[in-house]
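# Descriptive structure summary
Each chain is listed here by its residues.
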Amino acid sequence: MTDIQADKVLILDFGSQYTQLIARCIRELGTYCEIHPCDTSAEMIKAFQPKGIVLSGGPESVTANDSFYEVEPVFDQGVPVLGICYGMHAMAKQMGGEVKVSGLREFGYAQVRMESDSELLDGISDSRMQNGACVLDVWMSHGDQVVRLPDGFRVIGSTSSSPIAAIANEQKRLFGLQFHPEVTHTKQGRSILKRFVHSICGCDTSWTTTNVIREYSERIKLQVGSDKVLLALSGGVDSSVVAALLHEAVGDQLTCIFVDTGLMRLNEGDIIMQTFDRHLGVKVIRVNAEQQFFSALKGVQDPEKKRIMIGNLFIKTFEREAAKLRDVKWLAQGTIYPDVIESAGAATGKAHLIKSHHNVAGLPKNMTLKLIEPLKELFKDEVRRIGLELGLPSEIVSRHPFPGPGLGVRILGSVNKKLADLLRHADDIFISELKQNSLYDQVSQAFAVLLPVKSVGVMGDGRRYENVIALRAVETTDFMTASWARLPYEFLDHVSRRIINEVSGISRVTYDISGKPPATIEWE
Ligand code: XMP
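Residues numbered from 1 in each chain as written. Predicted model: local features only at pLDDT ≥ 70, side-chain atom pairs only at ≥ 80, totals over all residues. Heavy atoms only, no water.

### A few points about the pattern of salt bridges
- By the definition in use, this model includes 29 salt bridges.
- Notably, a salt bridge pairs Arg190 with Glu28, separated by 3.1 Å at the nearest N-O pair. Placement of Arg190 in helix α4 (residues 189–200) and of Glu28 in helix α1 (residues 19–28) is noted, with a sequence separation of 162 residues between them.
- With a relative accessible area of 37%, Glu28 lands in the partly exposed category.
- Counted as one network, the salt bridges with shared partners bring together Glu290, Lys417, Asp421 and Arg424. (Salt bridge = Lys/Arg side-chain N within 4 Å of Asp/Glu carboxyl O. Helix = DSSP H or I, 4+ residues; strand = E, 2+ residues; numbered from the N terminus. Buried < 20%, exposed > 50% of the residue type's maximum accessible area, 1.4 Å probe, protein only.)

This is the structure we're talking about:
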């Protein structure tokens, strides 16, 4: 069997917000890659055996000596290296060139003129100038620029304000780009990365969904042998795909526990049981813990207290059910690659933006089970593709994220079953209308929130004094910043009418037009 991770690219991360985009693009091109911190040791780089190395961009300046990292000796290994933005500056400076803070900062769209033939850019262009020179439409974001080339390098591209915008030392197989090929605004970015990874580094394209499933199933079988595996199935994308993958690998050795907290979306529990238990044949134990959750939450107003309470009760319920099972050796978790990268960044202090983790409940700490995390090398889009290929419905695989504490943090203040039922109903109207109007996939996350205020309304001849629903829909790529979705007025009007008419107990609907920051996506 071919090793689908034999040909791999190492990405050294200098803290750019786009580093994960580089990795996702290379993987989509069919080649495995990993992101490691920029100060990874020479031994570790060697042991990784990359066929190529990419140096990412970053927020620092190589002109500030205290923040300049000498990259471990990657430039003399005979392995091709591509430096992007800061990565190109680091390469140029370390190889003996000069980098200066530029008087002309370039942010956003720019045109790069090809200055000479190069292995990296030949035949890739968006248009031609009158003199026949090829032009690339690219996306820039830099304040520094290379002002003197190191020995052995030549300029292969320039812009009106950056005479040295792309460089190459073909003998040593070193390349640098001032612009960002990993962002979609650089139209030929994917072709440039493809050229680097496939033609220059010579990597194969065996990193495909089918191969990943086959390889991972084999790995899981080897890892767990004939042991039994336990999984807390929440119905979210990650735990659902873990369930499907483990079931594919070890079948009945897997048991899932699904804790119905009463804080789920409309019919969510039934959908989970239908999909996994009936359709895929996965063993799922459904625990109806609604009453315990509502009585624990009675009168609790503070969001953080609610979170902790829900998390702890979840663990307790899960452990109680797990204790009824015999001979379980492994606990599976839906950790994915961005979680691993963020934790590593947090540990080294190199990443500038760390998303705080708010997992359902974390792991039961004192369980004596061994941990298996089959998705921990995969990005979310890869996880989704695997789920689809394993037969999960797109309703589950393409679902918007749902917070671990569920409706518990979408009913502001005190939570009870009556309010949860109201909110579930309103939320379901909003979500199904988004789907029917082909808007669901255009927003990153959408939901309804129940506000703990009453407002006067009038229906027929009667006065109503009832609750208020806020609708929230955001667009984001990383959930760390987000803008509110510009949903059509007619659509919002229709949803508002439906909610007020159909959900008794609601007299007013509002739409949240706050961005993140300063607001967060959830209201609590
Ligand atoms: P915020 O509200 O922090 O949300 O802007 C960012 C993303 O995280 C989700 N979120 C949570 N997920 N447990 C979770 O598992 C939580 O306590 C939690 N709080 C927020 C939120 O839905 C959004 O996708």
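### What about the sheet that holds strand β4 (residues 81–84)?
- The strand order across the open sheet formed by ten strands is β2-β1-β3-β4-β10-β9-β8-β5-β7-β6, and the pairing between neighbours is mixed. The two strands at the open ends of the sheet, each matched to only one other strand, are β2 (32–37) and β6 (127–128).
- Taken together, the twelve bridges between strand β5 (residues 98–114) and strand β7 (residues 134–148) define a ladder with antiparallel strand orientation. Bridging across to β7, Val101 finds its partner in Asp144.
- Here α1 sits on the sheet in contact with β1 (8–13), β2, β3 (52–55) and β4, set at roughly 165° to β2. (Pairing = 2+ DSSP bridges. Contact = heavy atoms within 4.5 Å. Axes fitted to C-alpha atoms, helices over the stretch in contact; angles between N-to-C directions.)

### Observations concerning the side chain of Asp137
- Within the element layout of this structure, Asp137 appears in strand β7.
- Its relative accessible area of 7% is what places Asp137 among the buried residues.
- At 3.1 Å, the side chain of Asp137 and the side chain of Lys187 are in polar contact.
- In this view, Asp137 contacts Tyr109, Ala110, Gln111, Asp126, His185, Thr186 and Lys187; residues no more than four positions away in its chain are not counted. (Polar contact = N/O pair within 3.5 Å; in protein donor to acceptor, adjacent residues only side chain to side chain.)

### Side note on the packing of aromatic side chains
- What the rule picks out here adds up to eight aromatic pairs.
- Taken together, a centroid distance of 4.7 Å and an interplanar angle of 50° make the contact between Tyr32 and Trp207 tilted. Of this pair, Tyr32 sits in strand β2 while Trp207 sits in the loop between α4 and α5 (209–224), and the two are 175 residues apart along the sequence. Summarising the burial analysis for this pair, Tyr32 and Trp207 share the class buried.
- Between Trp484 and Tyr511, the aromatic rings sit 6.2 Å apart at their centres with planes inclined by 80°, giving edge-to-face as the arrangement. In this pair, Trp484 sits in strand β18 (residues 483–484) while Tyr511 sits in strand β19 (residues 506–511), placing the two residues 27 residues apart along the sequence.
- A relative accessible area of 24% means that Trp484 is categorised as partly exposed.
- With a relative accessible area of 19%, Tyr511 lands in the buried category.
- Aromatic ring contacts, followed pair by pair, group Tyr32, Trp207 and Tyr216 into a single cluster.
- The ring centre of Phe48 lies 5.2 Å from the NZ or CZ of Lys8, which sits over that ring.
- Above the plane of the ring of Tyr440 lies Lys435, whose end atom (NZ or CZ) is 4.8 Å from the centre. (Phe/Tyr/Trp six-rings, centres within 6.5 Å; stacked < 30°, edge-to-face > 60°. Lys NZ or Arg CZ within 6 Å of the ring centre and 35° of its normal.)

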